[in-house]
Amino acid sequence: MKRIGIFGSTGSIGRSTLDVLARHPARYRVEVLVAHGRVEALFEQVRQFRPAVVGLVDVKRRDELLSRLEELPAAERPELVVGQEAVDGLAGSEALDVVVAAIVGTAGLQSTWNALHAGKRVLLANKESLVAAGELMMDVARRSGAELLPVDSEHNAIFQCLPAAPGDRCTDPAEVESIVLTASGGPFRDWPADRFSFITPEQACAHPNWSMGRKISVDSATMMNKGLEVIEAARLFRIDADRIEVVVHPESVIHSMVRFVDGSVLAELGEPDMRTPIAHALAWPERVASGVRPLDFHALNGLHFERPDFARFPALRLAFDALRAGGAAPLVINAANEVAVAAFLEGRLSFPGIAAATEATLDAMTAAGRTAAPGSIDAVLTLDAEVRSWTADWCRSAKLTAGG
């Protein structure tokens, strides 16, 4: 029986993971559940899955969770670990075989590092870890013998189409011509650019195909999410920017593809449901039921493909630029984008302002000579904080609000 720790258990990936695990009680045991501050949702998960340890990042809600846990029989109450540093430390616990890295943003970087350093199988849904500290993460995984398996539907699809695991020499130019990441195009794929300034957070969070959190939904709407996936793919599959393609595929049935030099193209298809890649990564190299309904080919009205519009969605261009620039440029656009998205969701920045803030930050950090590759996780976090501060100042002074 594999012992599982879910970091970000109350988010969409965490909930989907628990749904898969509940279907295989003889195969997996939920040992650790970690959440930021959704006490009620976390308690319900504890009551159902009976983990040995529960982690809560928000120390202010400790007593609230303790009060709920006291409702359980004494023998079934988990150990409670509180605070960011202590919770991050759980990822390296000897009690875990598999860590699901599902914390959104750079907040999940340290726990992912700890799990890789401890040689765990890591199911990676936190793409920011590889964007901000890709070479460090891949290096520690190789040295520790950790298994880093992607849960993002696109990267998991590529993983299934390639002959080897992520990090191995599976994108040899002698065999693989390119990898093709598919993108839904988000809710504004057909909108004219002159309407973008009037986009509201509610509109940006209404993804046409996928059920996701607010931050990643906005990233999908700007196509920054696809840009971050381009950078993540380069890290995972050891491939350069010129051999990564992005194609807009509105139906989200083909999750990604690999072109081979003999003209073959392998694709992974399925319903747009995150339980499929989660189940694949959990059981690999075997397969288990995920609860996802079979793809009904007879119900499809066709599969469509378009070139991405870099002019209307500049965030995607910025990601390719950052990948080609190397060093800390990917870290910079990731951190700047997180701050800008938060400002947009709070009504302090317009939708086009997200990419504008990110580009301004990258230009400023490049001009200041602050894009050299960090040599440690501490250096990554230090630069990340610096970038966030600069972007926050830019957002306060820009006065680019909705409609402006």
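The paragraphs below set out a description of the structure included in this document. Once a new chain begins, its residue numbering starts again from 1 and follows that chain's sequence as written. Local features in a predicted model are, by the rule used here, given only for residues with pLDDT of at least 70; side-chain atom pairs are given and counted only at 80 or more, and totals for whole chains, interfaces and linings are based on all residues. With hydrogens and water excluded, all non-hydrogen atoms of the structure serve as input to the side-chain values.

### Some remarks on the overall build of the chain
Reasoning step 1: Check the secondary structure of the chain and you find 15 helices and eleven strands.
Reasoning step 2: Projected onto the principal axes, the alpha-carbon positions of the chain cover approximately 60 × 50 × 45 Å.
Reasoning step 3: Counting every position in the chain, which comprises 404 residues, the buried fraction comes to 56%.
Reasoning step 4: We call two residues in contact whenever any of their non-hydrogen atoms come within 4.5 Å of each other. When contacts within the chain are restricted to residue pairs at least 6 apart in sequence, long-range pairs at least 24 apart make up 71% of them.
Reasoning step 5: Note on charges: Lys and Arg go in the positive column, Asp and Glu in the negative column, and His and the chain ends are not counted at all. Positions of charges follow a simple convention, taking NZ of Lys, CZ of Arg, CG of Asp or CD of Glu. When the 41 basic and 52 acidic side-chain charges of the chain are each reduced to a single mean position, those positions are 2 Å apart. In this text, helices come from DSSP runs of H or I with a minimum length of four residues, and strands from runs of E with a minimum of two, each type numbered from the N-terminal end. A simple rule labels every residue: compare its accessible area, found with a 1.4 Å probe on the protein chains alone, to the largest value its type can have, and call it buried under 20%, exposed over 50%, or partly exposed in between.

### A look at helix α2 (residues 39–49)
Reasoning step 1: What α2 keeps buried is the set V39, L42, F43, Q45, V46 and F49. Taken around the axis of α2, the buried residues stretch over an arc of 160°, which confines them to a single face.
Reasoning step 2: As for α2, its buried residues are in contact with α1 (12–22), β2 (28–35), β3 (53–56) and α3 (62–69).
Reasoning step 3: Two residues or fewer after α2 comes R50, characterised by a positive phi angle close to 50°. This arc is taken over the directions from the axis of the helix to the C-beta atoms.

### Here we look at the nonpolar core
Reasoning step 1: What makes a nonpolar core is a set of buried Ala, Val, Leu, Ile, Met, Phe, Trp, Tyr and Cys residues whose side-chain atoms join them at distances within 4.5 Å. Residues F7, F237, I244, L282 and F351 are the most contacted members of the largest nonpolar core, which totals 127 residues.
Reasoning step 2: Among residues more than four places away in sequence, those in contact with I244 are I179, L181, V230, A233, A234, I239, F320 and L323.

### What about the environment of V59?
Reasoning step 1: The residue V59 is located in the loop between β3 and α3 in this model.
Reasoning step 2: Taking the C-alpha atoms as reference points, V59 and G37, separated by 22 residues in sequence, lie 8.5 Å from one another.
Reasoning step 3: Discounting chain neighbours no more than four positions away, the residues touching V59 are V82 and G83.

### Thoughts on the side chain of E31
Reasoning step 1: Position of E31 among the secondary structure elements: in strand β2.
Reasoning step 2: Two N or O atoms count as a polar contact when they lie within 3.5 Å, although within protein this holds only if one can serve as hydrogen donor and the other as acceptor, and sequence-adjacent residues are included solely when both atoms are side-chain atoms. Here R29 takes part through its side chain, which lies 2.9 Å from a polar atom of the side chain of E31.
Reasoning step 3: Once residues within four sequence positions are removed from consideration, E31 is found in contact with R3, I4, P51, A52, V53, A95 and L96.

### Focus: the sheet that holds strand β4 (residues 79–82)
Reasoning step 1: If DSSP finds at least two bridges between two strands, the strands pair. The parallel open sheet is built from seven strands, whose spatial order is β4-β3-β2-β1-β5-β6-β7. Strands at the two margins of the open sheet, each flanked by one partner only, are β4 and β7 (147–150). Across the sheet, the mean angle from the axis of one strand to that of its neighbour is 20°, orientation sign disregarded.
Reasoning step 2: Judged from the four bridges that link them, strand β6 (residues 121–124) and β7 form a sheet pairing that is parallel. Residue pairing for β7: V122 is matched across the bridge by L148.
Reasoning step 3: Strands β1 (2–7), β2 and β5 (98–101) of the sheet are contacted by α1, whose axis makes an angle of about 160° with β1.
Reasoning step 4: Axes here refer to lines fitted to C-alpha atoms; in helices the fit is confined to the stretch in contact. Angles between the N-to-C directions go from 0 to 180 degrees. Where α3 meets the sheet, its contacts fall on β3 and β4, and the angle it forms with β4 comes to roughly 170°.

### Quick word on the packing of aromatic side chains
Reasoning step 1: When two rings of Phe, Tyr or Trp (its six-membered ring) have centres within 6.5 Å they constitute a pair, described as stacked for plane angles under 30 degrees, edge-to-face for angles over 60, and tilted for the intermediate range. For the structure shown, the criterion picks out eight aromatic pairs.
Reasoning step 2: Here F196 and F351 contribute two aromatic rings whose centre-to-centre distance is 5.7 Å and whose plane-to-plane angle is 90°, an arrangement assigned as edge-to-face. Here the residue F196 occupies a position in the loop between β8 (176–183) and α8 (201–204), and F351 occupies one in helix α14 (residues 351–367), the gap between them amounting to 155 residues. A single burial state applies to F196 and to F351, both of which are buried.
Reasoning step 3: Clustering of aromatic rings is evident, with ring pairs tying together F188, W191, F196, F313, F344 and F351.
Reasoning step 4: Against the face of W191 rests R195, its NZ or CZ located 3.9 Å from the ring centre. By definition here, charges over rings are those cases where NZ of Lys or CZ of Arg is within 6 Å of the ring centre and within 35 degrees of the ring normal.

### Looking at the side chain of N225
Reasoning step 1: Its place among the elements puts N225 in helix α10 (residues 224–237).
Reasoning step 2: Owing to a relative accessible area of 8%, N225 belongs among the buried residues under this scheme.
Reasoning step 3: Within the local environment of N225, its side chain forms a polar contact with the side chain of K127, the two groups lying 3.1 Å apart.
Reasoning step 4: Every residue in contact with N225, bar those within four places of it in the chain, is listed here: K127, I216, D219 and S220.

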